[in-house]
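Chain residues, written in single-letter form:
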Amino acid sequence: GRALLSKEAIEAVIDVATNKNNINTLGEKLTNVSYDSSTGTTVDGVVMNNGKITATNGAVIYNGATINGVLGVNGNATVSGTLTSKGGLSAGTNGTEFTVNPDGSVSAASGKFSVSGDGTVSVDSNKFSVAGSTGNTNVGGTLYVSGQTALNDKLTVNRNGAAITRDTTIKGAFGAGTNGSEFQVDAGGAIHTKGDIKFLDSTGSTTTFLNSDKVKG
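Residues numbered from 1 in each chain as written. Predicted model: local features only at pLDDT ≥ 70, side-chain atom pairs only at ≥ 80, totals over all residues. Heavy atoms only, no water.

Student: How should I be thinking about the sheet that holds strand E13 (residues 137-139) in this particular structure?
Tutor: Note: strands within a sheet are paired through backbone hydrogen bonds, in either parallel or antiparallel orientation. With antiparallel pairing, 7 strands are arranged side by side in an open sheet as E7-E8-E9-E10-E11-E12-E13. Single-partner strands in this sheet number two, and they are strand E7 (89-91) and E13. When strand polarity is set aside, the average angle formed by the axes of neighbouring strands in this sheet is 5°. Note that strand E12 (residues 128-130) and E13 share 3 bridges and pair antiparallel. (Pairing = 2+ DSSP bridges. Helix = DSSP H or I, 4+ residues; strand = E, 2+ residues; numbered from the N terminus. Axes fitted to C-alpha atoms, helices over the stretch in contact; angles between N-to-C directions.)

Set out below in structure tokens:
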């Protein structure tokens with residue numbers, strides 16, 4: 001079976017294992033206690049030697065325990081209550097695949113995903129990021145939106161233009177061109193252009209209105 005140890009019992013056993021004190025000083029706290037100079041102190045399958053505790057059949061600790069060194073768990077660990085770490089927390093095959101740092105920042109997938117202390121989210125360094133302080137979002141690849149998109153401020157496209165293949169409603173002014181002002185449709189529907197306007201009909205014919213022409217509707 002498993003050894004059920006109180007905090008006082010653990011402290012007493014560690015004292016025996018570390019200082020080689022007489023195990024009879026444990027009194028009635030423990031049963032099935034033995035000591036060997038090569039293996040250390042054994043209590044119901046729990047071996048303690050030079051400050052190390054090895055529980056071959058598992059161990060249950062009541063009333064809390066303080067560990068000043070490194071706690072190594074080679075198998076699974078189940079925590080039924082709240083786990084509080086006042087330092088960093090690491091997990092994974094190498095102990096680095098998932099990391100929670102003391103400042104609250106998180107790194108997962110071996111650094112492919114991270115959340116900094118100010119809430120900034122990053123995926124694969126710079127492929128996708130959301131700034132925690134401003135909410136500014138950067139997408140390094142293609143952004144697909146299957147539903148509707150609502151923009152409450154300006155939409156700026158800096159490279160390769162924008163291709164719109166479905167109906168689009170713009171409530172406000174619209175600008176296009178090198179500086180975004182060479183062609184404009186204002187909120188009232190008026191068209192302003194610094195260049196010529198060309199219309200292509202279904203037959204492939206082109207009608208051009210020069211910038212100097214005046215068109216009255």
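Student: Teacher, can you tell me more about a nonpolar patch on the surface here?
Tutor: A surface patch of nonpolar side chains, amounting to about 480 Å² of accessible area, comprises Phe113, Val123, Phe128, Val139, Leu143 and Val145. Tracing the chain through its elements places Val145 in the loop between E13 and strand E14 (174-176). With relative accessibility at 46%, the residue Val145 sits in the partly exposed group. (Patch = residues over 30% accessible without salt bridge, like charges linked within 9 Å, V, L, I, M, F, W, Y side chains within 5 Å. Areas by Shrake-Rupley, 256 points an atom, 1.4 Å probe, with all protein chains shown as cover. Salt bridge = Lys/Arg side-chain N within 4 Å of Asp/Glu carboxyl O. Buried < 20%, exposed > 50% of the residue type's maximum accessible area, 1.4 Å probe, protein only.)

Student: Honestly, unusual backbone geometry in this entry has me stumped. Any pointers?
Tutor: A negative phi holds for most residues other than glycine; trans holds for most peptide bonds. Unlike most non-glycine residues, Asp124 shows phi in positive territory, near 50°. Checked against the element boundaries, Asp124 lands in the loop between strand E11 (121-123) and E12. Phi at Ser125 takes a positive value of approximately 70°, unusual for a residue other than glycine. Structurally, the position occupied by Ser125 is in the loop between E11 and E12. For Ser125, a relative accessible area of 57% puts it in the exposed group.

Student: Hey, could you run me through the pattern of salt bridges in this one?
Tutor: Opposite charge on two side chains permits them to pair, given that their charged atoms come into close proximity. This model, assessed by the stated rule, comprises 2 salt bridges. The salt bridge partner of Lys112 is Asp124, with a shortest N-O separation of 3.4 Å. One end of the pair, Lys112, is in the loop between strand E9 (106-108) and strand E10 (113-115); the other, Asp124, is in the loop between E11 and E12, and 12 residues separate them in sequence. Residue classification places Lys112 among the partly exposed residues on the basis of a relative accessible area of 47%. Here Asp124 and Lys127 are joined by a salt bridge, their closest N and O atoms 3.9 Å apart. Residue classification places Asp124 among the partly exposed positions, given a relative accessible area of 29%.

Student: Looking at this structure, I do not really get the sheet that holds E14. What am I missing?
Tutor: Read from one edge to the other, the open sheet built from 3 strands follows the order E14-E15-E16, with strand pairing classed as antiparallel. Of all the strands in the sheet, just E14 and strand E16 (191-193) have a single pairing partner and so form its edges. Strand-to-strand twist in this sheet, taken as the mean axis angle between neighbours without regard to direction, amounts to 10°. In the sheet, E14 pairs with strand E15 (residues 183-185) via 3 bridges, with the strands oriented antiparallel. Looking at E15, one finds that Ala176 is bridged to Phe183.

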